[in-house]
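Here is what each chain is made of, one letter per residue.
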There are 2 protein chains.
Amino acid sequence: MELTVYSDEHFMKEALKQAQIAFEEGEIPVGAVVVCQKKIIAKAYNQTERLNDVTAHAEMLAITSAANFLGGKYLKGCTLYVTLEPCGMCAGALFWSQVDKIVFALPDEKRGFTTINPQMIHPKTQLMSGLMAAESKKMIDEFFATVRKKN
Amino acid sequence: MELTVYSDEHFMKEALKQAQIAFEEGEIPVGAVVVCQKKIIAKAYNQTERLNDVTAHAEMLAITSAANFLGGKYLKGCTLYVTLEPCGMCAGALFWSQVDKIVFALPDEKRGFTTINPQMIHPKTQLMSGLMAAESKKMIDEFFATVRKKN
């Protein structure tokens with residue numbers, strides 16, 4: 001039996017690794033990767049604290065990094081994997097990017113873009129949600145439990 | 001009669017100057033400034049072409065620049081002036097920034113955030129629209145007329 005390493009789970013695990021780095025750096029643990037032709041072309045994690053910048057969400061950094069790699073600003077043919085449902089800002093950026101597909105793990109019932117307007121992303125962009133949501137939730141819950149203990 | 005230089009018009013003129021720079025560089029002409037305690041702390045213009053980055057809207061660059069100036073990621077006490085209605089991405093970023101006030105010139109009936117969800121910005125953020133909209137429209141119309149001639 002041949003094992004494929006190119007499954008959605010494989011790439012979401014990579015996004016979770018990015019979230020883990022964020023966790024270890026004291027950032028809300030969200031990670032993202034951009035995949036093009038079955039290869040990861042960008043990895044990023046939330047850096048709002050380190051960069052002192054509300055725009056430095058994992059998705060935003062991943063979009064910019066992927067565009068740099070591709071040498072063009074559109075992410076046609078690419079899939080973004082992210083461990084938490086994108087917020088309005090990130091969904092807006094993903095709209096402009098014309099990314100083919102978005103796969104997110106944990107729905108964000110408070111700040112996710114679907115609470116603003118589920119039609120925010122590009123009509124041609126496929127959406128898949130809930131993949132490895134439990135793993136993402138565990139990390140985020142643990143993060144906030146630690147924050148609460150400190151305060 | 002004393003003339004005040006701190007009017008909304010004054011700051012929108014500065015945002016229009018930024019839009020003019022974008023125009024001259026072949027970018028869709030949108031400019032923004034962030035004002036804190038009656039002083040401009042950040043200026044930016046759309047650079048999506050130059051930076052090959054869909055996230056490089058004037059507002060995004062202005063938010064990042066203002067946060068750098070302030071040394072903190074929130075823009076409480078600040079006003080953002082921008083020559084075109086913010087899109088969903090920028091409105092989402094402005095939500096996170098907790099900016100006090102947004103003043104935009106020209107409504108964007110196609111991509112403005114109010115077409116997505118007028119409640120996208122922070123409930124505490126004041127909104128003013130239409131200031132010097134004609135000046136902004138003139139520049140944008142001229143830009144697209146030039147683009148059409150070239151193609």
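Rules behind the numbers
- Residues numbered from 1 in each chain as written.
- Chains lettered and ligands numbered in written order.
- Predicted model: local features only at pLDDT ≥ 70, side-chain atom pairs only at ≥ 80, totals over all residues.
- Heavy atoms only, no water.
- UniProt positions renumbered as here; feature names shortened; annotations may be inferred.
- Salt bridge = Lys/Arg side-chain N within 4 Å of Asp/Glu carboxyl O.
- Helix = DSSP H or I, 4+ residues; strand = E, 2+ residues; numbered from the N terminus.
- Least-squares fit on C-alpha atoms with pLDDT ≥ 70 in both.
- Contact = heavy atoms within 4.5 Å.
- pLDDT = per-residue confidence, 0-100.
- Phe/Tyr/Trp six-rings, centres within 6.5 Å; stacked < 30°, edge-to-face > 60°.
- Lys NZ or Arg CZ within 6 Å of the ring centre and 35° of its normal.
- Pairing = 2+ DSSP bridges.
- Axes fitted to C-alpha atoms, helices over the stretch in contact; angles between N-to-C directions.

Under the annotation held in an unreviewed UniProt entry, chain A carries the name tRNA-specific adenosine deaminase and is attributed to Marivirga aurantiaca. Under the Catalytic activity (unreviewed entry) heading, UniProt states for chain A: "adenosine(34) in tRNA + H2O + H(+) = inosine(34) in tRNA + NH4(+)".

(A) Spotlight on the pattern of salt bridges. All names here are of chain A. For the structure on display, the rule yields 12 salt bridges over all chains. Residue Lys43 is joined to Glu14 by a salt bridge in which the shortest nitrogen-to-oxygen separation is 3.9 Å. Of this pair, Lys43 sits in strand β2 (residues 39-45) while Glu14 sits in helix α1 (residues 8-24), and the two are 29 residues apart along the sequence. Through salt bridges that share partners, Glu14, Lys17 and Lys43 make up one connected network.

(B) Here's a closer look at the relation of the copies chain A and chain B. If you rotate chain A by 180° and push it 0.0 Å along the axis, it lands on chain B with an RMSD of 0.0 Å. Expressed as a symmetry operation, the mapping of one chain copy onto the other fits a two-fold axis. The rotation axis passes nearest to the C-alpha of Met89(A) in chain A, at a distance of 1.9 Å. Same-surface contact between copies: 96% of interface residues of chain A are shared with the interface of chain B.

(C) Structural detail: the confidence of the model for chain A. Chain-level statistics for chain A give a pLDDT mean of 95 and a share of 97% at 70 or above. Listed scores for the predicted complex are pTM 0.95 and ipTM 0.94.

(D) Spotlight on the packing of aromatic side chains. Residues and elements named next belong to chain A. Within this structure, the stated rule accounts for 8 aromatic pairs over all chains. Each ring, one from Phe143 and one from Phe144, has its centre 5.2 Å from the other, and the planes form 85°; the classification is edge-to-face. The side chain of Lys76 reaches across the aromatic face of Tyr74, ending 5.8 Å from its centre.

(E) Quick look at the sheet that holds strand β1 (residues 31-36) of chain B. Residue and element names in this part refer to chain B. Overall, mixed pairing links the 5 strands, which are arranged β2-β1-β3-β4-β5 in an open sheet. One side of each edge strand has no neighbouring strand; the edge strands of this open sheet are β2 (39-45) and β5 (126-129). With strand direction ignored, the average angle separating the axes of adjacent strands in the sheet is 15°. Sheet analysis places β1 next to strand β3 (residues 78-84), joined by 5 bridges and oriented antiparallel. When the bridges of β3 are listed, Cys36 appears paired with Cys78. Each of β1, β2, β3, β4 (101-106) and β5 touches helix α1 (residues 8-24); the most contacted strand, β1, lies at about 145° to it. Packed onto the sheet, helix α2 (residues 58-70) meets β1, β2 and β3 and runs at close to 145° relative to β2.

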